[in-house]
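# Fold and geometry: a report
Given next are the chains, with one letter for each unit.
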Amino acid sequence: MPDTLAPRAIIGVMTPAMNSVVQPELELLRPVGVTNQMQRFRLGGSHISDDLAEEAEKLTDVKPAALAICLTTDAGPDGVAKLAACSDMLTARLGIPVFNASVALQNALQAVGACRVAVLTPFNAEVNRVVRINIENGGFEAVAVRGTEAASLEAICETPLARIRDLVHELAAFNCDAIAQVGTALPLVGLIEELERETGKTIIACNAAVYWQTLRAAGIRDAVPGYGHLLNEV
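Everything in this summary refers to the structure shown in the same document. (Residues numbered from 1 in each chain as written. Predicted model: local features only at pLDDT ≥ 70, side-chain atom pairs only at ≥ 80, totals over all residues. Heavy atoms only, no water.)

## Focus: the sheet that holds strand β6 (residues 141-147)
What the four strands build is an open sheet, ordered β6-β5-β7-β8; its pairing is parallel. Either end of the sheet is taken by a strand with one partner, and the two such strands are β6 and β8 (202-205). Shown here is a sheet whose adjacent strand axes are inclined to one another by a mean of 20 degrees, direction ignored. In the sheet, strand β7 (residues 178-181) pairs with β8 via four bridges, with the strands oriented parallel. Following the sheet pairing, Ile 179 is matched in β8 by Ile 203. (Pairing = 2+ DSSP bridges. Helix = DSSP H or I, 4+ residues; strand = E, 2+ residues; numbered from the N terminus. Axes fitted to C-alpha atoms, helices over the stretch in contact; angles between N-to-C directions.)

Dropping the structure here:
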């Protein structure tokens, strides 16, 4: 029998332990008949996280249709490739599709036909140089990268919305096909519709991208109005 509160699908969601943004953002995007079931993991160690696989296995007890790792690793050298390998390992280990926010971001950019991309991050200029390399390794031209320069991982969650709005408008001034956001603790999802309307640019937030890809893998193709082009039309 189907789950009473999730007759269409249970979506498993993995988020870093300090991240207070992923859970409320994904609840905004949740279609009727779907529930998001959360599990947290700690960052660090030689494989992105020492406890990610163990915590993911616990989440399979609720029988999710697919699993979203709400983490971007664009800030580290070869970070996207490393996280992709981790997702592939978990897919094989858990027996369900596993997606991550870094690869999903690039897949979403491809889905909307973006080639020239402006990038929003929570990082400083030094880290943004690595982000640019990872974005360009994905086959895109990074025309600009701007960061909020958060002082810590926890501080990313505290970024004022006005700061995010200002940077998105700055990025929109560049000749870009879309604005991409990395850093799942940076609260952008609630601003997407407003900022797409104001800037005329498609905005791909990493949390929206990984949820979009995970929903589609679970067979959920509902339009989610109010949160931008990707989830409403693609």
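Continuing now.
## Quick look at the sheet that holds strand β4 (residues 98-100)
The four strands are arranged β2-β1-β3-β4 in an open sheet whose pairing can be described as parallel. Two strands close off the open sheet at either side, each with one partner strand: β2 (34-41) and β4. Recorded for the sheet is a direction-independent mean angle of 25 degrees between the axes of neighbouring strands. Where strand β3 (residues 66-69) meets β4, three bridges bridge the pair, whose relative direction is parallel.

## Topic: unusual backbone geometry
The backbone phi angle of Lys 63 is positive, close to 60 degrees, even though this residue is not glycine. For Lys 63, the position within the fold is in the loop between α2 (52-59) and β3. Phi is positive for Asp 78, close to 55 degrees, though the residue is something other than glycine. Positionally, Asp 78 belongs in the loop between β3 and α3 (79-94).

## What to know about the packing of α2 against α3
Contact pair α2 / α3: the axes reach a minimum separation of 11 Å and the direction vectors enclose 40 degrees. It follows that α2 is oblique to α3 by the angle criterion. Crossing of α2 over α3 shows right-handed handedness. In this structure, α2 uses Leu 52, Ala 53, Ala 56 and Glu 57 to contact α3, whose residues at the interface are Cys 86, Met 89, Leu 90, Arg 93 and Leu 94. For the contact of α2 with α3, a count of residues per class yields seven nonpolar, no polar and two charged. (Parallel < 35°, antiparallel > 145°, perpendicular 65-115°, else oblique. Left-handed = near helix turned anticlockwise from the far one by under 90°. Contact = heavy atoms within 4.5 Å. Nonpolar A, V, L, I, M, F, W, Y, C, P; charged D, E, K, R; others polar.)

## What to know about the pattern of salt bridges
Per the stated rule, a full pass over the model turns up seven salt bridges. With a shortest N-O distance of 3.1 Å, Arg 30 and Glu 27 are connected by a salt bridge. Glu 141 is the salt-bridge partner of Arg 116, the closest N and O atoms lying 3.0 Å from each other. With a gap of 25 residues between them, Arg 116 in strand β5 (residues 116-121) and Glu 141 in strand β6 connect regions that are remote in the sequence. With a relative accessible area of 41%, Glu 141 lands in the partly exposed category. (Salt bridge = Lys/Arg side-chain N within 4 Å of Asp/Glu carboxyl O. Buried < 20%, exposed > 50% of the residue type's maximum accessible area, 1.4 Å probe, protein only.)

## Considering the pairing of β3
Neither face of β3 is exposed, since Ala 66 and Ala 68 on one face and Leu 67 and Ile 69 on the opposite face are all buried. With four bridges joining them, strand β1 (residues 9-16) and β3 adopt parallel strand pairing. Across the sheet, Met 14 pairs through a bridge with Ile 69, a residue of β3. Following the backbone out of β3, through α3 and into the adjacent parallel β4, one traces a crossover that is right-handed. (Right-handed = clockwise from strand over helix to strand, strands pointing away.)

## Some points on the side chain of Gln 39
With respect to the helices, strands and loops of the structure, Gln 39 is situated in strand β2. By relative accessible area, Gln 39 is classed as buried at 18%. Once residues lying within four places of it in the same chain are set aside, the contact partners of Gln 39 are Val 13, Met 14, Thr 15, Glu 55, Lys 58 and Leu 59.

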